[in-house]
Amino acid sequence: MATLSTDAPISPLRQRMQHDMLMRGLGSHTQQDYVRHVRRFAAFLGSAPDTATTEDIRRFQLCQHENGLGPATINGAVSALRFLFTVTLRRRDLARALVVTRYARKLPEVLGVEEAARLLEAAPGIKYKAALGVAYGAGLRVSEVAHLKVDDIDSTRMLIRVEQGKGRRDRNAMLSLQLLELLRLGVMLPHG
């Protein structure tokens, strides 16, 4: 069973929440984050989170803003508390009191062609160049690159099959001719 382990005894409420997260297939990192956020909420309350009122939730969220917490942290707490109130406690009225923080999303900075070429040239070997090339050229995450297999490269359809990527979802990424040649050099892909 993939539950979180701590030295302190686990309260029945936390155990129930952990079982609910497990049954719904939440990843271990998500489970850890949710428990951490609920623990912080309980510390703010000074009592168990199942005793909370809508006013307690309002004060907690106001405190988060006043302490300068970023939108990602605040929204992470919202997700955790929504799960607790909706799934574990079946208190939708409390979940409705939670307010998501909006923030402007910025586009990530993308390397220019010359910068990408310099990065690839700085790689210590062909396998590193291939890994960096896949990450940059096909937009894969580091963990996705690390889990690629030769069978994931489809040179006929010019696709890279990413299995169980972020959110445990499968997807396809585009494969350019230059990247295919780099992969053939780096990992001995068959031609054709």
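The structure under discussion appears in the preceding block.
Please read these numbers as outputs of a predicted model, since none were measured by experiment. (Residues numbered from 1 in each chain as written. Predicted model: local features only at pLDDT ≥ 70, side-chain atom pairs only at ≥ 80, totals over all residues. Heavy atoms only, no water.)

Peer 1: Hey, could you run me through the sheet that holds strand 1 (residues 153–154) in this one?
Peer 2: Sheets are built from strands paired through backbone hydrogen bonds, the pairs being either parallel or antiparallel. Taken in spatial order, the 3 strands of this open sheet run 1-2-3, and their pairing is antiparallel. In this open sheet, the two edge strands, each paired with only one partner strand, are strand 1 and strand 3 (171–174). (Pairing = 2+ DSSP bridges. Helix = DSSP H or I, 4+ residues; strand = E, 2+ residues; numbered from the N terminus.)

Peer 1: Just checking my understanding: could you explain the pattern of salt bridges for this structure?
Peer 2: Note on pairing: side chains with opposite charge can pair once their charged atoms come close. Within the structure shown, the criterion is met by 10 salt bridges. Note that E144 is salt-bridged to R171, the shortest N-O span being 2.6 Å. Here the residue E144 occupies a position in helix 8 (residues 142–146), and R171 occupies one in strand 3, the gap between them amounting to 27 residues. According to the relative accessible area criterion, R171 is partly exposed, its value standing at 28%. In this structure, R157 engages D154 in a salt bridge whose closest nitrogen and oxygen atoms are separated by 3.6 Å. (Salt bridge = Lys/Arg side-chain N within 4 Å of Asp/Glu carboxyl O. Buried < 20%, exposed > 50% of the residue type's maximum accessible area, 1.4 Å probe, protein only.)

Peer 1: Can you help me understand the side chain of K129 in this one?
Peer 2: Along the chain, the position of K129 falls in helix 7 (residues 126–138). No salt bridge forms around the buried K129; measuring N to O, its nearest opposite-charge neighbour E121 is 4.0 Å away. (Lys, Arg positive; Asp, Glu negative; His and termini not counted.)

Peer 1: Sorry if this is basic, but what is going on with the nonpolar core here?
Peer 2: The nonpolar side chains of a soluble globular protein tend to be buried, and buried together. Core analysis: the largest hydrophobic core is formed by 23 residues, its most contacted members being F41, L81 and F85. When contributions to this core are tallied by element, the ones reaching two or more residues are helix 1 (12–23), helix 2 (28–45), helix 3 (54–66), helix 4 (71–88) and helix 5 (92–95). Looking at this core element by element, the count peaks at 8 residues for helix 4. When residues no more than four places from it in sequence are discounted, the contact partners of L81 are V38, F41, F60 and L98. Of all hydrophobic cores here, the second largest spans 15 residues; its members include A138, V145, A173 and L175. (Core = buried A, V, L, I, M, F, W, Y, C linked by side-chain atoms within 4.5 Å. Contact = heavy atoms within 4.5 Å.)

Peer 1: I would appreciate a short explanation of the packing of helix 3 against helix 4 in the present structure.
Peer 2: Helix packing for two helices is described by the angle between their axes and how far apart those axes are. Where helix 3 meets helix 4, the axes come as close as 11 Å, and the angle between the chain directions of the two elements is 160°. Viewed along their axes, helix 3 and helix 4 adopt a mutual orientation that is roughly antiparallel. The hand of the helix 3/helix 4 crossing is right-handed. Along its contact with helix 3, which presents I57, F60, Q61, Q64 and H65, the element helix 4 presents I74, A77, V78, L81 and F85. (Axes fitted to C-alpha atoms, helices over the stretch in contact; angles between N-to-C directions. Parallel < 35°, antiparallel > 145°, perpendicular 65-115°, else oblique. Left-handed = near helix turned anticlockwise from the far one by under 90°.)

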